[in-house]
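# Chains, contacts and geometry: an overview
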Amino acid sequence: MTYSKQHVLLLTFIAWLSMLGFDFLLHAGLLAELYLQPSPFLLPPLIAFTLIPVGYLSFLLLAVLLVWLMIRLKLTGWRQGALFGLELGGLTWGAFVLGLFSVSTASFSLLMGWFIGQTLELAIAGAVIGSGLAGMRLRRLFGVVIVFVLLSVITTIILQSLGVVPTTRIS
């Protein structure tokens, strides 16, 4: 099937938004405690905070890669997309984490958190892309992703407010 350039661009943007929503939950919520442990590997919180947009641009590149590959491989549907995203995420993040483990001071728990979380992030994006490639209206898909992003942000805020996950002062 052939997709218009506008469809591909919008789908890439929507997939990227899904990645950002999960990424916020992952790093500000589920992995937050790992960033508070002293480490020569991690930047100080203020510098890391100011560089968040650079990290988010890296996810845009991954979304572009995922869309490009799924179109070329003719993968459609949320299930095929999620499975492909999981496989691609496992392979790319697995390789990245093994490389970091071999040459950095990053803790094993941080690397495992990144591996599992970022792999799931690509699975989510794959499900979104697969849905869009299968014909789901992008307006509806955008609505679903916005609800997902809001739920991710709300969940993170609740976890932080209840003290389940730590918060960091940026100063």
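Below you will find a few notes about this structure. (Residues numbered from 1 in each chain as written. Predicted model: local features only at pLDDT ≥ 70, side-chain atom pairs only at ≥ 80, totals over all residues. Heavy atoms only, no water.)

### Observations concerning the overall build of the protein chain
Put simply, the rule reads: The numbering of helices and of strands both runs from the N terminus, where a helix is a DSSP run of H or I of at least 4 residues and a strand a run of E of at least 2. Only C-alpha atoms enter the radius of gyration; for comparison, a globular chain is expected to reach 2.2 Å times N to the power 0.38, where N is the number of residues. The buried label applies to any residue whose accessible area, calculated with a 1.4 Å probe on protein chains only, is under 20% of its type's maximum; exposed applies above 50%, and partly exposed to all values in between. Throughout, a contact is declared for two residues whenever any of their heavy atoms are within 4.5 Å. For the purpose of counting charges, residues Lys and Arg are taken to be positive, whereas Asp and Glu are taken to be negative. His and the chain ends are not included. To locate a charge, take atom NZ for lysine, CZ for arginine, CG for aspartate or CD for glutamate.
The helix and strand tally for the protein chain stands at 7 helices and 0 strands. The C-alpha atoms of the protein chain give 17 Å as radius of gyration, which agrees with the globular expectation for 171 residues (16 Å, within 12%). Counting only C-alpha atoms and orienting by the principal axes, one finds that the protein chain spans roughly 50 × 35 × 25 Å. Residues counted as buried form 40% of the 171 residues belonging to the protein chain. Taking all contacts inside the protein chain whose residues are at least 6 apart in sequence as the whole, residues at least 24 apart take part in 83%. Of the side-chain charges in the protein chain, 8 are positive and 4 negative, and the distance between the mean point of each set is 19 Å.

### Some remarks on the side chain of Thr156
Along the polypeptide, Thr156 turns up in helix 7 (residues 138–161). Overall, the relative accessible area of 0% leaves Thr156 in the buried class. Every residue in contact with Thr156, bar those within four places of it in the chain, is listed here: Phe24, Leu25, Ala28 and Gly29.

### Section: helix 4 (residues 52–72)
Residue pairs three or four apart in sequence face the same way in an α-helix, which turns once every 3.6 residues. To keep it simple, the criterion reads: A helix is expected to span 1.5 Å for every residue after the first. When we speak of the arc, we mean the arc of directions from the helix axis to the C-beta atoms.
Here helix 4 spans 31 Å end to end across 21 residues, near enough to the 30 Å set by a 1.5 Å rise per residue. Taken together, the buried positions of helix 4 are occupied by Phe59, Leu62, Ala63, Leu66, Val67 and Met70. All buried residues of helix 4 fall inside an arc of 140° around its axis, so they share one side. Those residues of helix 4 that are exposed and angled more than 90 degrees off the buried face are Val54, Leu61 and Arg72.

### Some words on the environment of Val64
Note that Val64 resides in helix 4. Note on Val64: relative accessible area 42%, which makes it partly exposed. Sequence-wise, Val64 and Val165 are 101 residues apart; in three dimensions their C-alpha atoms are separated by 32 Å.

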